[in-house]
Amino acid sequence: MIREMTVKIEAPAELMLLRSLNAFVRELIQQLPALVGAEKLINDLELVFNEAFTNVNEHAYPSEQKGEVTIGIRVGVNYLEFRFEDSGSGFDLEGIDDPDFDNPQERGRGLWIMRNLMDEIAYRSAEDGRNVLKLRKYLDYVGPSRHEA
Amino acid sequence: MIREMTVKIEAPAELMLLRSLNAFVRELIQQLPALVGAEKLINDLELVFNEAFTNVNEHAYPSEQKGEVTIGIRVGVNYLEFRFEDSGSGFDLEGIDDPDFDNPQERGRGLWIMRNLMDEIAYRSAEDGRNVLKLRKYLDYVGPSRHEA
Amino acid sequence: MQVERKNGIAVVATEERLDALVAPDLKETVRKLVEETGLTKIVIDLEKTKFIDSSGCGALVASLRVLMKNSGDMKIARPTAQAKSLFELTRLHRVFEIFEDLDVALSSFSGK
Amino acid sequence: MQVERKNGIAVVATEERLDALVAPDLKETVRKLVEETGLTKIVIDLEKTKFIDSSGCGALVASLRVLMKNSGDMKIARPTAQAKSLFELTRLHRVFEIFEDLDVALSSFSGK
Ligand SMILES: Nc1ncnc2c1ncn2[C@@H]1O[C@H](COP(=O)(O)OP(=O)(O)O)[C@@H](O)[C@H]1O
Ligand SMILES: Nc1ncnc2c1ncn2[C@@H]1O[C@H](COP(=O)(O)OP(=O)(O)O)[C@@H](O)[C@H]1O
């Protein structure tokens, strides 16, 4: 039934879309054979998606001039991948430190959450001004479709 | 706060996406100032979206070879518009009769629902093999953003 | 979907959504009830169904037909506001026998 | 967000989602409580909050700071499984005083 599939969403990076996009992702992934009933994992993946979207909303563009975000959601044979593409300022992922746990700040937990809950995280600022954050989680595939894929 | 916005979704026309797309639309539109608390209207719009997606899933492509659908959701100053674009067989919208109410059939209520619940419905099969169904509902705009738009 | 038997009547309780994803299950459930258990009096309990669409309506029409062909009948119980409004829009409120109360739906069979 | 007073302590009950959409409201609510009513003992009741994210955590950290600066304190009551797991991931379970029971959270102030 389930096969590999990719959904691509182009939208303004507006906070107003946060919950509707989250709802979409949650409804989608909870149907995946590897995730049926896996409440904790579904929560984690929704949270990661939420953090990545919030970051584009908050950091990619100057505040009064929200640009666009292109989101890719890929259901692979044994993984789930989120891609967030913006044409904003970009940043240096490697240069972002872990949160200061001894002196907790208001901000700075988003990337920590993404790094810890996902198996792969990669960020690339391309020459053409497009920045892409790629987040991947491997899932134990269960169900018949591995063979069909 | 709310401005005009367009969200574009490219996805396979798979039934598996029906509920997640519906959830997205519902979450999105229930935040619109004109729709806050308007349960019946929110239900109607979700139903129309649901019918249009189901039709692409069921009719646009041969059954074992589901193609792609491109969905546009446009929040206008005083309207909401759904666009469903497929590259399938296409059909003649004007040629589709109303359901036979005296001899109820299993099928044939989708377009009736869309026609009755929306203010505008238009279908175009373009030369390039793209078919576009456009569904529009005018909303009484409330809130500050009319002036900003 | 949950099926229960009450005095020779099957009560089929549908889930939160009765759409193209589950419409085939509903038809199949009713067909099996008729073929395998011989039950032809069925109440469809829509209490939990917050969302029904044209595919759901289609499955109900198909089920009614199967039951009538087998000298049975189908009643609908406890439709939500969304279901009622869709039945009216599609004129199915004139086709289905609809009850606000499950027990009344059940006892409506006994006259026959 | 709902605010109630119980014996000089404010109980702020957050909604189903505590994300970037409402994090500013929480900070603002706490700031106003302190500035306008002088209340500096606050329990954040997370019972209804099925989803909290880094913005929600940030609003809680900011609130705790404001309260401590005003010689008050903040306790967290009834976190859901999702909230508990996020507090652990972000090590905030060592920063916040967290209670499974709302009354225990409330009475934890009285020792001071
Ligand atoms: N999409 C993005 N575009 C530009 N900068 C970003 C983006 N995502 C993250 N950043 C940068 O990384 C920093 C850390 O992000 P994060 O860990 O999520 O914490 P926070 O968002 O609370 O600051 C941000 O403050 C910002 O400078
Ligand atoms: N996207 C589409 N592509 C091709 N044909 C379509 C499409 N949407 C509708 N149709 C045609 O219009 C007919 C009526 O559709 P509808 O009123 O929704 O009823 P149903 O889907 O139950 O047949 C369909 O049977 C189909 O032939």
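With that out of the way, let us pick up the overall build of chain C. For chain C, the count of helices and strands is four helices and seven strands. In sequence order, the secondary structure elements of chain C are arranged as β-β-β-α-β-β-α-β-α-β-α. Expressed along its principal axes, the backbone C-alpha trace of chain C runs to roughly 30 × 25 × 20 Å. Counting all 112 residues of chain C, 54% fall into the buried class. In chain C, once contacts between residues fewer than 6 apart in sequence are set aside, the share between residues at least 24 apart is 72%. When the accessible surface of chain C is split by element, carbon and sulfur atoms take 46% of a total near 5,100 Å².

A few words now on the pattern of salt bridges. Oppositely charged side chains are able to pair whenever their charged atoms sit close together. Residue and element names in this part refer to chain B. Considering all chains together, one arrives at 39 salt bridges over all chains under this definition. As a salt-bridge pair, Glu58 and Arg107 come within 2.4 Å of each other at their nearest N and O atoms. Of this pair, Glu58 sits in helix α2 (residues 39-60) while Arg107 is found in the loop between β3 (79-86) and α3 (110-117), placing the two residues 49 residues apart along the sequence. Overall, the relative accessible area of 29% leaves Glu58 in the partly exposed class.

In this structure, the largest pocket encloses a volume near 1,200 Å³. Around the largest pocket, the lining comprises 42 residues; the ones closest to its centre are Glu27 of chain A, Ala23 and Glu27 of chain B together with Glu16 and Lys50 of chain C. Elements represented by at least two residues in the lining of the largest pocket include exactly α1 (18-29) and α2 (39-60) of chain A, α1 (18-29) and α2 of chain B, α3 (81-89) of chain C together with α3 (81-89) of chain D. By residue number, the principal contributor to the lining of the largest pocket is α2 of chain B, which donates six residues. Looking at the lining of the largest pocket, its residues break down into twelve nonpolar, eleven polar and 19 charged. Each pocket or cavity is described by its volume, and for the second largest pocket that value is around 730 Å³. Looking at the second largest pocket, it is lined by 39 residues, and the ones nearest its centre are Thr54, Asn55, Glu58, His59 and Arg107 of chain A. Secondary-structure elements contributing two or more residues to the lining of the second largest pocket are α2, β3 (79-86), α3 (110-117) and β5 (131-138) of chain A together with α1 (23-37) and α2 (54-69) of chain D. Counting residues per element, the lining of the second largest pocket draws most heavily on α2 of chain A, which supplies eight residues. The residue inventory of the lining of the second largest pocket, partitioned by class, reads 17 nonpolar, eleven polar and eleven charged.

Attention shifts here to the sheet that holds strand β1 (residues 5-12) of chain A. Within the open sheet, the ten strands sit side by side as β4(A)-β5(A)-β3(A)-β2(A)-β1(A)-β1(B)-β2(B)-β3(B)-β5(B)-β4(B). Their pairing is antiparallel. The open sheet terminates on both sides in strands that have one partner only, identified here as β4 (120-125) of chain A together with β4 (120-125) of chain B. Between one strand and the next, the sheet's axes are offset by a mean angle of 10 degrees, whatever the strand orientation. In this structure, strand β2 (residues 68-75) of chain A lies alongside β3 of chain A, joined through seven bridges in antiparallel fashion. Counterpart to Ile73 of chain A in the pairing with β3 of chain A is Phe82 of chain A. Packed onto the sheet, α2 of chain A meets β1, β2, β3 and β5 of chain A and runs at close to 10 degrees relative to β3 of chain A.

Moving on: the relation of the copies chain A and chain B. For the pair chain A and chain B, the relating rotation is 180 degrees, the translation along its axis is 0.0 Å, and the fit reaches an RMSD of 0.0 Å. What the superposition gives is, in effect, a two-fold axis relating one chain to the other. Interface overlap between copies is the fraction of interface residues in one copy that are interface residues in the other; for chain A against chain B it reaches 100%, indicating a shared surface.

Locating Ser54 of chain C in the fold gives a position in helix α2 (residues 54-69). A residue is classified by how much of its surface remains accessible, and Ser54 of chain C, at 13% relative accessible area, is buried. Within the structure, the side chain of Ser54 of chain C is placed 2.5 Å from the side chain of Glu51 of chain B, a separation counted as a polar contact. Apart from residues lying up to four places away in sequence, Ser54 of chain C is in contact with Glu51, Arg109, Gly110 and Ile113 of chain B together with Leu86 of chain C.

To continue, consider the site of ligand 1. Residues and elements named next belong to chain A. Not every one of the 13 residues close to ligand 1 is listed here, only the nearest: Asn55, His59, Gly108, Gly110 and Leu111. Between an oxygen atom of ligand 1 and a side-chain N or O atom of Asn55, the distance comes to 2.7 Å. Arg107 is positioned such that a nitrogen or oxygen atom in its side chain is 3.3 Å from an oxygen atom of ligand 1. In this structure the site holding ligand 1 corresponds to the second largest pocket. Contributing elements (two or more residues each) for the shell around ligand 1: α2 and α3. It is α2 that contributes the most residues to the shell around ligand 1, four residues altogether.

On to the packing of aromatic side chains. Per the stated rule, a full pass over the model turns up twelve aromatic pairs over all chains. One aromatic cluster is present, built from ring pairs that chain together Phe49, Phe82 and Phe84 of chain A. Sitting above the plane of the Phe101 of chain B ring, Arg91 of chain C keeps its charged end 4.9 Å from the centroid. Above the plane of the ring of Phe109 of chain D lies Lys75 of chain D, whose end atom (NZ or CZ) is 4.7 Å from the centre.

Here chain A shows a mean pLDDT of 92. Residues at 70 or above account for 93%. Note on residues 142-149 of chain A: pLDDT under 50 across the span, and nine contacts to partners over four residues away in sequence or across chains.

Bringing the interface of chain D and chain A into the picture now. With 25 residues of chain D at the interface, the matching set in chain A holds 25 residues. Looking only at chain D, the three residues that lose the most surface to chain A are Leu21, Ser54 and Leu89 of chain D, adding up to 25% of its buried area. At the surface where chain D touches chain A, the tally comes to three salt bridges. One salt bridge in this structure joins Asp19 of chain D and Arg19 of chain A, with 2.9 Å as the shortest N-O distance. Linking chain D with chain A are seven residue pairs in polar contact (both at pLDDT 80 or more). Elements represented by at least two residues in the side of chain D that touches chain A include exactly β5 (51-52), α2 and α3 of chain D. Tallying contributions element by element places α2 of chain D first for the side of chain D that touches chain A, with seven residues. Residues of the side of chain D that touches chain A, tallied by class, amount to twelve nonpolar, six polar and seven charged.

Rules used throughout
Residues numbered from 1 in each chain as written. Chains lettered and ligands numbered in written order. Predicted model: local features only at pLDDT ≥ 70, side-chain atom pairs only at ≥ 80, totals over all residues. Heavy atoms only, no water. Helix = DSSP H or I, 4+ residues; strand = E, 2+ residues; numbered from the N terminus. Buried < 20%, exposed > 50% of the residue type's maximum accessible area, 1.4 Å probe, protein only. Contact = heavy atoms within 4.5 Å. Areas by Shrake-Rupley, 256 points an atom, 1.4 Å probe, with all protein chains shown as cover. Salt bridge = Lys/Arg side-chain N within 4 Å of Asp/Glu carboxyl O. 1 Å grid on protein atoms, 1.4 Å probe; cavity = no way out; pocket = protein on both sides within 12 Å on 5 of 7 lines; lining within 4 Å. Points joined across faces, edges and corners; volume = space filled by probe spheres on them. Nonpolar A, V, L, I, M, F, W, Y, C, P; charged D, E, K, R; others polar. Pairing = 2+ DSSP bridges. Axes fitted to C-alpha atoms, helices over the stretch in contact; angles between N-to-C directions. Least-squares fit on C-alpha atoms with pLDDT ≥ 70 in both. Polar contact = N/O pair within 3.5 Å; in protein donor to acceptor, adjacent residues only side chain to side chain. Near = heavy atom within 4 Å. Sits in = over half its atoms within 2 Å of the grid points. Phe/Tyr/Trp six-rings, centres within 6.5 Å; stacked < 30°, edge-to-face > 60°. Lys NZ or Arg CZ within 6 Å of the ring centre and 35° of its normal. pLDDT = per-residue confidence, 0-100. Buried area = accessible area lost by both parts, 1.4 Å probe.

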